[in-house]
Amino acid sequence: MARNKHPEETIQRILDIAFRLFMEKGYEHTSIQDIINNLGGLSKGAIYHHFKSKEDILFAVGNRMTSESNQMLADIQKRTDLNGREKLKAIFKESLDRPVQEELFTVAPNLYNNPKLLLSFLRETIEEVAPGYILPIVRQGISDGSIETEYPEELAELIILVANVWTNPMIFNSNAEGTYRKFMVFGQMLKGLGVDIVDSEMAERVRALSSIYQKNK
């Protein structure tokens, strides 16, 4: 069998087709065979050479879509015109306002029913996002006086876990109104901790994204 001289091109082709189908049909209603049928002659073996399962394809699609998000987090972290609390607010606002969020909520599966995906999501949240992006900003806030806490590591984890997990309709299947109410409670909790960074505009955006997810389930 001839070797594929351009494996990266093949991978990107698979991801392009998978993403389109996930957008059109939803992740749950797209099969590996659907992806094969739209690849113009690429075999099932070629797909399984690069991806073990449909879940692995979704991981790769998600990683490609969120690479820009990681850069955005890093850019905010490096800003010198904002204090720690202002950086946290900027992260929430810019994360919610990014157009790619609508695409993510359109193609996302129910994480509660996909343990492998849920575990990967939780690991990324705890092992990468909290210590890599949120904690340095919390520490800066302590230094500049905009955040008061004796437990920076725990606060960083709490903020991102509640935001990414408890208020996430992909995990708890809350409707738009329920997600909105959770996010408002999240804001009240942060305010009580002296980190007043959630506003009504963010909450409305969360409600809109939840509606997109529920519509495309």
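Residues numbered from 1 in each chain as written. Predicted model: local features only at pLDDT ≥ 70, side-chain atom pairs only at ≥ 80, totals over all residues. Heavy atoms only, no water.

Participant: Outline the environment of Glu-8, supporting the account with residue identities and numerical values.
Facilitator: Among the secondary structure elements, Glu-8 is positioned in helix 1 (residues 7-25). Residue class for Glu-8 comes out partly exposed when judged on its relative accessible area of 48%. Residues Glu-8 and His-50, spaced 42 residues apart in sequence, show a C-alpha to C-alpha distance of 9.7 Å. (Helix = DSSP H or I, 4+ residues; strand = E, 2+ residues; numbered from the N terminus. Buried < 20%, exposed > 50% of the residue type's maximum accessible area, 1.4 Å probe, protein only.)

Participant: Please provide a residue-by-residue account of the pattern of salt bridges, values included.
Facilitator: The full count for this structure, using the stated rule, is eight salt bridges. Two residues, Glu-201 and Lys-93, come together in a salt bridge whose shortest N-O distance is 3.1 Å. A residue pair is termed long-range when its members are at least 10 positions apart, and Glu-201 in helix 11 (residues 200-215) and Lys-93 in helix 5 (residues 84-97) qualify at 108 residues. According to the relative accessible area criterion, Glu-201 is exposed, its value standing at 53%. Residue classification places Lys-93 among the partly exposed positions, given a relative accessible area of 34%. A salt bridge links Glu-204 to Arg-207, with the nearest nitrogen and oxygen atoms 2.7 Å apart. With Glu-204 and Arg-207 both in helix 11 and three residues apart, the pair spans about one turn of that helix. Exposure remark for Arg-207: the relative accessible area of 21% places this residue in the partly exposed category. Through salt bridges with shared partners, one network takes in Lys-93, Asp-97 and Glu-201. (Salt bridge = Lys/Arg side-chain N within 4 Å of Asp/Glu carboxyl O.)

Participant: Report on the nonpolar core, specifying residues and quantitative values.
Facilitator: Ile-57, Leu-88, Phe-183 and Phe-186 are the most contacted members of the largest nonpolar core, which totals 67 residues. When near neighbours in sequence (up to four residues on either side) are disregarded, Phe-186 contacts Phe-92, Ile-159, Val-162, Ala-163, Thr-167 and Val-198. (Core = buried A, V, L, I, M, F, W, Y, C linked by side-chain atoms within 4.5 Å. Contact = heavy atoms within 4.5 Å.)

Participant: Quick one: what's the story with the packing of helix 6 (residues 100-107) against helix 11, residue by residue and with numbers?
Facilitator: Relative orientation and spacing of two packed helices are given, respectively, by the angle between their axes and the distance between those axes. Relative to each other, helix 6 and helix 11 sit at 35 degrees, their axes nearing to 7 Å. The element helix 6 and its partner helix 11 pack so that their crossing is right-handed. Contacts from Gln-101, Glu-102, Phe-105 and Thr-106 of helix 6 reach helix 11 at Arg-205, Leu-209, Ser-210, Ile-212 and Tyr-213. Broken down by class, the residue content of the contact of helix 6 with helix 11 amounts to four nonpolar, three polar and two charged. (Axes fitted to C-alpha atoms, helices over the stretch in contact; angles between N-to-C directions. Left-handed = near helix turned anticlockwise from the far one by under 90°. Nonpolar A, V, L, I, M, F, W, Y, C, P; charged D, E, K, R; others polar.)

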